[in-house]
Amino acid sequence: MPVDRRLFAQLGLAACAACALGPAAAAEPAAYPTRPLTLVVPYPAGGVADQFARSFAQGLSERLGQPVVIDNRAGANGNIGSAYVARNQPADGYTLLLGSLSTLAINPQLYASMGYEPQKDLQPITLTHQMPNVLLVGAQTPYRSVADVVAAAKAQPGRLVFGSAGNGNTMHLAGVLFEKNSGTQLVHAPYKGGPPALTDVLGGQIPMMFNNLPAVTGHRQAGKVRVLAVADTKRSAVMPDVPTFAEAGVPGVVSVVWNGILVRHGTPADIVQRLNRESVAVLQQAAFRQPLEAQGYEVLNSTPDEFEALIRKDGTAMRALVKDAGVKMD
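1. Some details on the overall build of the protein chain
At step 1: Within the protein chain, the secondary structure is distributed over 13 helices and 10 strands.
At step 2: With the principal axes as the frame, the protein chain shows a C-alpha extent of 110 × 40 × 30 Å.
At step 3: For the protein chain, the accessible area works out to roughly 15100 Å², and carbon and sulfur atoms hold 54% of it.
At step 4: Distance between charge centres in the protein chain, computed from 27 positive and 24 negative side chains, equals 3 Å.

Below, the structure written as structure tokens:
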């Protein structure tokens, strides 16, 4: 068969073109993402963290062009879901974690072993939001101010009960701060999550609790609870008539809970950058922010480095608070 020299010439030109592009072109990675992502929420479905995560997942899905599926893995103050991402999932950017002040800064001070080390095993992407804790009482109680609660607690030391989402949770520690700064002695009733504790406040089984502000906005509007104070340095825009604890006569009670997105440490830098860029774009959208801000979420965003610096700073700050609280978990 005769040889077609023109074909050899074409092949030679193609080979030269490939050489000019070099090995980087041959090793070009597949576009990310090419399949659905999972966002692990280490808390039960229905809570404020879960509600935020579902809105965020929808927005991120639209930006990335792939579904972002919520996976609730609750337990041990968020340690179970966090350890699942930090130790059991590949560092490929397909499994995200909704981290929090509890899982990243408080729990390391509470637990001898969590199954993961936040600053070694997790790579921050961006802060997403923060929200203050508030003191709320059932509408059926006689308490209409922080002063009423303080007076009742001092009249019967060790009798007045407050609920929280569990031992060592930010809601529990807000109660510890309140006791310390008001000179009262309360009884802590830990629940397996905020929703069941709130249910018992609504039903009159316990008189009060500390909870994340967005969890109680609707109940307050319906007249089912009274919010007596906000554990922040400023009043909330959605409850401008509710004083801070300092304004209510008990300074020093500040409990603001932040959350953010992380992936497993070792995730490629280009994927970390892409996730940050797309996440921040979602968080800056007015259509995303406004409905959440109306409930009491303060929507944030950050660089990975800014988020990492916050984790380190608050980890140090929480060490002293947990020591004062005298709380240790198995």
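Let's pick the thread back up.
2. Observations regarding the nonpolar core
At step 1: Counting 66 residues, the largest nonpolar core has Leu-136, Phe-178, Phe-245 and Trp-258 as the members making the most contacts within it.
At step 2: If near-sequence neighbours (up to four positions away) are discounted, Phe-245 is found in contact with Leu-135, Val-146, Phe-178, Phe-210, Ala-229, Val-230, Ala-231, Val-250, Pro-251 and Val-253.
At step 3: Counting residues in hydrophobic clusters, the runner-up holds 31 residues, among them Leu-37, Tyr-43, Val-48 and Leu-292.

3. Digging into helix α3 (residues 48-64)
Residues lying three or four places apart along an α-helix face the same way, a consequence of the helix completing one turn every 3.6 residues.
At step 1: Along its 17 residues, α3 runs 24 Å from first to last C-alpha, staying within 8% of the 24 Å computed at 1.5 Å per residue.
At step 2: Those residues of α3 lying buried are Val-48, Ala-49, Asp-50, Phe-52, Ala-53, Phe-56, Ala-57, Gly-59, Leu-60, Ser-61 and Leu-64.

4. A word on the packing of aromatic side chains
At step 1: Counting across every chain of the model gives 8 aromatic pairs.
At step 2: Taken together, a centroid distance of 5.7 Å and an interplanar angle of 85° make the contact between Phe-52 and Phe-288 edge-to-face. Of this pair, Phe-52 sits in helix α3 while Phe-288 is found in helix α12 (residues 286-293), placing the two residues 236 residues apart along the sequence.
At step 3: Using a relative accessible area of 8% as the deciding quantity, one classes Phe-288 as buried.
At step 4: Ring centres of Phe-178 and Phe-210 lie 6.0 Å apart, and the angle between their planes is 55°; this geometry places the pair in the tilted category. Of this pair, Phe-178 sits in helix α8 (residues 170-182) while Phe-210 sits in strand β7 (residues 208-212), and the two are 32 residues apart along the sequence.
At step 5: Note on Phe-178: relative accessible area 0%, which makes it buried.
At step 6: The rings of Phe-162, Phe-178, Phe-210 and Phe-245 are connected pair by pair, giving a single aromatic cluster.

5. Comments concerning unusual backbone geometry
At step 1: A cis amide bond links Tyr-32 with the next residue in sequence, Pro-33, at an omega value of -5°.
At step 2: Note that Pro-33 resides in the loop between α2 (23-26) and β1 (37-41).
At step 3: Unusually for a residue other than glycine, Ala-76 sits at a positive phi of about 55°.
At step 4: Tracing the backbone shows Ala-76 in the loop between β2 (68-72) and α4 (79-88).
At step 5: The phi angle at Asn-77 is positive, at roughly 55°, despite the residue not being glycine.
At step 6: As for its placement among the helices and strands, Asn-77 is situated in the loop between β2 and α4.

Reading the values: rules and limits
- Position numbers for residues count from 1 along each chain, tracking the sequence in the order it is written.
- For a predicted model such as this one, the threshold for reporting local features is a pLDDT of at least 70, and the threshold for listing and counting side-chain atom pairs is 80 or more; totals across whole chains, interfaces and linings nevertheless cover every residue.
- Calculation of side-chain values draws on the structure's entire complement of heavy atoms; hydrogens and water are dropped beforehand.
- Here a helix means four or more residues in a row that DSSP labels H or I, a strand means two or more in a row labelled E, and each is numbered from the N terminus.
- Accessible areas in this description were obtained via Shrake-Rupley with a 1.4 Å probe; residue shielding takes into account the shown protein chains only.
- By the counting rule applied here, Lys and Arg register as positive and Asp and Glu as negative, while His and the ends of each chain are not counted.
- One atom stands in for each charge, and that atom is NZ of Lys, CZ of Arg, CG of Asp or CD of Glu.
- Here, the term nonpolar core denotes a set of buried Ala, Val, Leu, Ile, Met, Phe, Trp, Tyr and Cys residues that are joined through side-chain atoms within 4.5 Å.
- Accessible area is worked out with a 1.4 Å probe on protein chains only. A residue is then buried under 20% of its type maximum, exposed over 50%, and partly exposed in between.
- Note on definitions: a residue-residue contact is assigned when non-hydrogen atoms from the two residues lie within 4.5 Å.
- Expected helix span is taken as 1.5 Å per residue step, with the number of steps being one fewer than the number of residues.
- Aromatic rings from Phe, Tyr and Trp, with only the six-membered ring used for Trp, were paired whenever their centres fell within 6.5 Å, and each pair was classed as stacked if the ring planes differed by under 30 degrees, edge-to-face if by over 60, and tilted otherwise.

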